[in-house]
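Observations on the model geometry
Listed below are the residues making up each chain.
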Amino acid sequence: MGRPLVAEINLKALRHNYQLAQQQSASDRAIAVIKADGYGHGAVQVAQALTDLAPAFAVASLEEAEQLTAAGITRPILLLEGFFSAEELPLLIRRGYHLVVHSQWQLDVLNHYFAGNPVSGGQPRLQVWLKVDSGMHRLGFDPEQVSDVYQHLIQQSWVEEVILTSHFACADDLHNPFTQQQLNIMQSLKKQLKATLSLANSPATLGWPSACEGWLRPGILLYGASPLASGHPLGDQLQAVMTLKSQLISVRTIEAGEQVGYGGRFVAQQTTIIGVVACGYGDGYPRQAIEGTPILVNGIKCNLAGRVSMDMLTVDLTPVPDAQPGDPVELWGPNLSVNEVAGYCDTISYTLLTGLLPRVKRHYFSF
Ligand SMILES: Cc1ncc(COP(=O)(O)O)c(C=O)c1O
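As the structure is a computational prediction, the values presented were derived from the model and not from experiment.

1. What to know about the domain arrangement of the protein
Assigned domains within the protein: domain 1 (31–224) and domain 2 (242–365). For domain 1 and domain 2, the distance between their C-alpha centroids amounts to 38 Å. Contacts between domain 1 and domain 2 engage eight residues on the former and seven residues on the latter. Per-residue buried area on domain 1 facing domain 2 is highest for Gly40, His41 and Ile220; these three make up 58% of the total on that side. Where domain 1 packs against domain 2, one counts zero salt bridges. The residue makeup of the side of domain 1 that touches domain 2, split by class, is four nonpolar, four polar and no charged.

Printed below as a string of structure tokens:
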């Protein structure tokens, strides 16, 4: 009922993708990354659908973790950036969330906190993911500092276990030697400290087997979008989880020389049938989509014609001249990859999926 735009979420495909990731880990340890509301798919629904498969979940903030806890998720939850201020610590500790420690200031806050609140006998202790800057230069300790920080941490009464983690900058490009350089740094720290590693994001999970030890951290692949810059046998096995679907709400014919939409960006070269689709940038469909961005109408590839508006977009119906109002439209999904659409929008699948706005209804199914 109502506006026909809907994001259908295929939880069976999600489980398939998770299992594909898990199979790349010798120890079955793949932490499902479900930050940013499960990359736009609904973090709670995604966690519920994976809870019997995934040993843990990763999110970006205490708020995101709390949302999962409130929904009854009991698997361990890792905070990928740890905490942002000391005020978060009491709740974080009470809940037993696992945390990344990426900076000296966080270590100082933890040391100070536990000096005033010592952990006694039976109290739970923290699982710390010590972040190493192996070359991305975003978060993490310099490799030369890591040994000292690691030794310090494992001696603290409030620490249960320390895992060494790092993030790849260029793993989507299988020919880029930078990933191997990052790997070498992490392998040598592992040898030195005998610690468990967590390195592999989605591109590394699919394309860099030597990074697939310890805890994998797949994100985008769970949702069925390959992050690799080129085709790959594993990437090709992923199944799209989200189908962004709508309908034509109007069909009209314009004559050669007539224009469509804001700014008149599309000008018909000949008599052209134009369909109007209920989907716009107010739903998260990218306004930067260029002329020719593919859109499926009745399963047939058509081209975006004119600028995307807030609630609507317009499509050249030349390939489907019989199309009528009410006919189905796929903006992305199993028949039109979100990666392909992203390529026409000067962006990546991640922004399209996470950018879907709350007014788009999500419908879940698992068959
Ligand atoms: C630290 C960390 N690990 C893992 C991931 C998952 O990355 P991807 O979605 O490319 O698998 C992210 C996502 O940005 C991240 O920040």
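Now, onward.
2. Concerning the sheet that holds strand E4 (residues 77–79)
The seven strands are arranged E2-E3-E4-E5-E6-E7-E8 in an open sheet whose pairing can be described as parallel. Only two strands of the sheet have a single partner each, and these edge strands are strand E2 (32–33) and strand E8 (196–198). Across six bridges, strand E6 (residues 126–131) lies against strand E7 (residues 159–165) in parallel orientation. Paired with Gln127 across the two strands is Glu161, which belongs to E7. Contacting E7 and E8, helix H8 (residues 178–193) crosses the sheet at an angle of about 150° to E7.

3. A word on the side chain of Ser147
Tracing the chain through its elements places Ser147 in helix H7 (residues 143–154). Residue class for Ser147 comes out buried when judged on its relative accessible area of 17%. Leave out the neighbours within four places in its chain, and Ser147 touches Gln192 and Leu193.

4. Focus on the layout of surface pockets
Put simply, the largest pocket is a space of about 740 Å³. Taken together, 32 residues form the lining of the largest pocket, with Lys35, Tyr39, His167, Asn201 and Tyr350 sitting closest to its centre. Here the residues of the lining of the largest pocket sort into 16 nonpolar, ten polar and six charged. In this structure, the second largest pocket spans a volume of roughly 190 Å³. The residue inventory of the lining of the second largest pocket, partitioned by class, reads ten nonpolar, six polar and no charged.

5. As for empty space enclosed by the protein
Inspection of the entire model under this criterion finds two cavities of 30 Å³ or more. Lining the largest cavity, in full, are Ile93, Gly96, Phe114, Val119, Pro124, Arg125, Leu126 and Trp158. When the residues that make up the lining of the largest cavity are grouped by side-chain class, the tally is six nonpolar, one polar and one charged. Together, Lys131, Val132, Asp133, Ser134, Met136, His137, Arg138, Leu139, Ser166 and His167 line the second largest cavity.

6. Here we look at the packing of aromatic side chains
For the structure on display, the rule yields eight aromatic pairs. Relative to Tyr350, the ring of Tyr39 lies with its centre 6.1 Å away and its plane at 40°, an arrangement referred to as tilted. On the criterion of sequence distance, the pair formed by Tyr39 in helix H2 (residues 35–39) and Tyr350 in helix H11 (residues 349–354) is long-range, its members being 311 residues apart. Owing to a relative accessible area of 29%, Tyr350 belongs among the partly exposed residues under this scheme. With a centroid separation of 5.1 Å and 50° between ring planes, the pair formed by Phe365 and Phe367 is classed as tilted. Through a chain of ring-to-ring contacts, the aromatic side chains of Tyr39, Tyr223 and Tyr350 assemble into a single cluster.

7. Let's talk about the pairing of E6
Extensive coverage of E6 is indicated by the burial of six of its six residues. The alternating pattern of E6 places Leu126, Val128 and Leu130 on one face and Gln127, Trp129 and Lys131 on the opposite face, and all of these are buried. Across three bridges, the pairing between strand E5 (residues 98–101) and E6 is parallel. Directly across from Val101, in E6, lies its bridge partner Leu130. Crossover handedness for the path E5 to helix H6 (residues 104–116) to E6: right-handed. In this fold, the crossover linking E6 to E7 by way of H7 has right-handed handedness.

8. Observations regarding the pattern of salt bridges
Tallying each qualifying case throughout the model produces ten salt bridges. In this structure, Lys301 engages Glu340 in a salt bridge whose closest nitrogen and oxygen atoms are separated by 2.8 Å. Of the two residues, Lys301 is situated in strand E14 (residues 300–304) and Glu340 in helix H10 (residues 338–343); the sequence distance between them amounts to 39 residues. When its relative accessible area of 42% is taken as the criterion, Lys301 is described as partly exposed. Because the salt bridges share partners, they merge into one network encompassing Arg3, Asp283, Asp311 and Arg359.

Conventions and cut-offs
- Within any chain, residue numbers begin from 1 and follow the written order of that chain's sequence.
- Local features are withheld for residues below a pLDDT of 70 in this predicted model, meaning they are given only at 70 or higher, and side-chain atom pairs are given and counted only at 80 or more; totals for whole chains, interfaces and linings count all residues.
- Computation of side-chain values covers all heavy atoms of the structure but excludes hydrogens and water.
- Start and end points for every domain follow an automatic or database-based domain assignment.
- Only heavy atoms enter the contact rule, under which two residues are in contact if any of them lie within 4.5 Å.
- Note: buried area is the sum, over both parts, of the accessible area (probe 1.4 Å) each one loses when the two are combined.
- The rule for a salt bridge is simple: a side-chain nitrogen of Lys or Arg has to be within 4 Å of a carboxyl oxygen of Asp or Glu.
- All amino acids are sorted into three groups, where Ala, Val, Leu, Ile, Met, Phe, Trp, Tyr, Cys and Pro are nonpolar, Asp, Glu, Lys and Arg are charged, and the leftover types, Gly among them, are polar.
- Here a strand pair is declared whenever DSSP counts at least two bridges between the two strands.
- For the purposes of this entry, the term helix denotes a DSSP run of H or I that reaches at least four residues, the term strand denotes a run of E that reaches at least two, and both are numbered from the N terminus.
- Angles here are taken between N-to-C directions and fall from 0 to 180 degrees, while the axes themselves are lines fitted to C-alpha atoms, restricted in helices to the stretch in contact.
- Throughout this description, buried means an accessible area under 20% of the type-specific maximum (1.4 Å probe, protein chains only), exposed means over 50%, and partly exposed covers the range between.
- Lining residues are those with an atom within 4 Å of a point, where the points come from a 1 Å grid over the protein atoms alone and group into cavities, where a 1.4 Å probe fits but cannot get out, or pockets, open sets with protein on both sides within 12 Å along at least five of seven lines.
- Grid points are joined across faces, edges and corners, and a volume is the space filled by probe spheres set on the points.
- Any two of the Phe, Tyr and Trp rings considered here, Trp counted by its six-membered ring, make a pair once their centres fall within 6.5 Å; the pair's planes then place it as stacked at under 30 degrees, edge-to-face at over 60, or tilted in between.
- Assignment of crossover handedness uses the view with strands pointing away from the viewer, where a clockwise path from the first strand over the helix to the second indicates a right-handed crossover.

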